[in-house]
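Residue-level listing of the chains:
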Amino acid sequence: VWFFTDGECNVDDVDETIALLKKYSSKPVFWSFVGIHVKGDRPDFGFLKKLDSMSGRTIDNAGFFEVEVESVTDEELYTAMLGEFNEFPGRVAGANGKVRW
């Protein structure tokens, strides 16, 4: 699941978002949060960065990256979009190489 945003989420959604990521960390779902901004703009993506590294999940099921929309190439965008996601099946499989849900 990819979420593209130009800023932080609504403060009323924070607890529910954290709960959902934790709940689905034992399911075959990966969440990628993409912070987009224009040149010279530096929005605060602190909460989204926290989701990428928060504890309390069965496996790491979320990623975050940000891009400047005017300068990112298609290749850079797709590489970033798939970067952490490509590691997800290995996290799920663990050392024995078998996926278990």
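Above this text is the structure in question.
Residues numbered from 1 in each chain as written. Predicted model: local features only at pLDDT ≥ 70, side-chain atom pairs only at ≥ 80, totals over all residues. Heavy atoms only, no water.

## Side note on the sheet that holds strand S3 (residues 62-68)
Put simply, the test is: The pairing criterion is simple: DSSP has to find at least two bridges between the two strands. Runs of E in the DSSP output that reach at least two residues are strands. Runs of H or I that reach at least four are helices, and both are numbered from the N terminus. In this description, a line fitted to the C-alpha atoms serves as the axis of each element, helices being fitted only across the stretch in contact, and the angle between N-to-C directions of two axes falls anywhere from 0 to 180 degrees. Between two residues, a contact is recorded if the distance between any of their heavy atoms is within 4.5 Å.
Strand order across the open sheet formed by three strands is S1-S2-S3, with parallel pairing between neighbours. Looking at the sheet topology across the chains shown, the edges are occupied by strand S1 (2-5) and S3. The average undirected angle you get between the axes of adjacent strands in this sheet is 20 degrees. Pairing analysis gives seven bridges linking strand S2 (residues 31-37) to S3, with the strands arranged parallel. Residue pairing for S3: Val-34 is matched across the bridge by Phe-65. Contacts from helix H2 (residues 46-53) reach S1, S2 and S3, with the element oriented near 145 degrees to S3. Contacting S1 and S3, helix H3 (residues 74-83) crosses the sheet at an angle of about 165 degrees to S3.

## Digging into the layout of surface pockets
For clarity, the cut-off: Think of a 1 Å grid over the protein atoms and nothing else: a 1.4 Å probe that fits but is trapped marks a cavity, an open set flanked by protein within 12 Å on at least five of seven lines marks a pocket, and residues with an atom within 4 Å of a point count as lining. Grid points are joined across faces, edges and corners, and a volume is the space filled by probe spheres set on the points. Under the grouping applied here, Gly and all other residues not named as nonpolar or charged are polar, the nonpolar ones being Ala, Val, Leu, Ile, Met, Phe, Trp, Tyr, Cys and Pro and the charged ones Asp, Glu, Lys and Arg.
Put simply, the largest pocket is a space of about 210 Å³. Taken together, 14 residues line the largest pocket, and the ones lying closest to its centre are Phe-3, Cys-9, Thr-17, Phe-33 and Leu-48. Going through the elements one at a time, S1, helix H1 (14-23), S2 and H2 are the ones with two or more residues in the lining of the largest pocket. Partitioned by chemical class, the residues of the lining of the largest pocket number 10 nonpolar, three polar and one charged.

## Here's the deal with the packing of H1 against H2
Heads up, the condition is: Our angle categories are set so that under 35 degrees counts as roughly parallel, over 145 as roughly antiparallel, 65 to 115 as roughly perpendicular, and the remainder as oblique. Crossings are classed by handedness, with left-handed meaning an anticlockwise turn of the near helix from the far one by less than a right angle and right-handed meaning a clockwise turn.
Put simply, H1 and H2 touch, their axes get as near as 11 Å, and they point 20 degrees apart. Judged by the inter-axis angle, H1 sits roughly parallel to H2. The hand of the H1/H2 crossing is right-handed. Of the residues in H2, those in contact with Val-14, Thr-17, Ile-18 and Leu-21 of H1 are Phe-47, Lys-50 and Leu-51. Among the residues making up the contact of H1 with H2, the classes are represented as five nonpolar, one polar and one charged.

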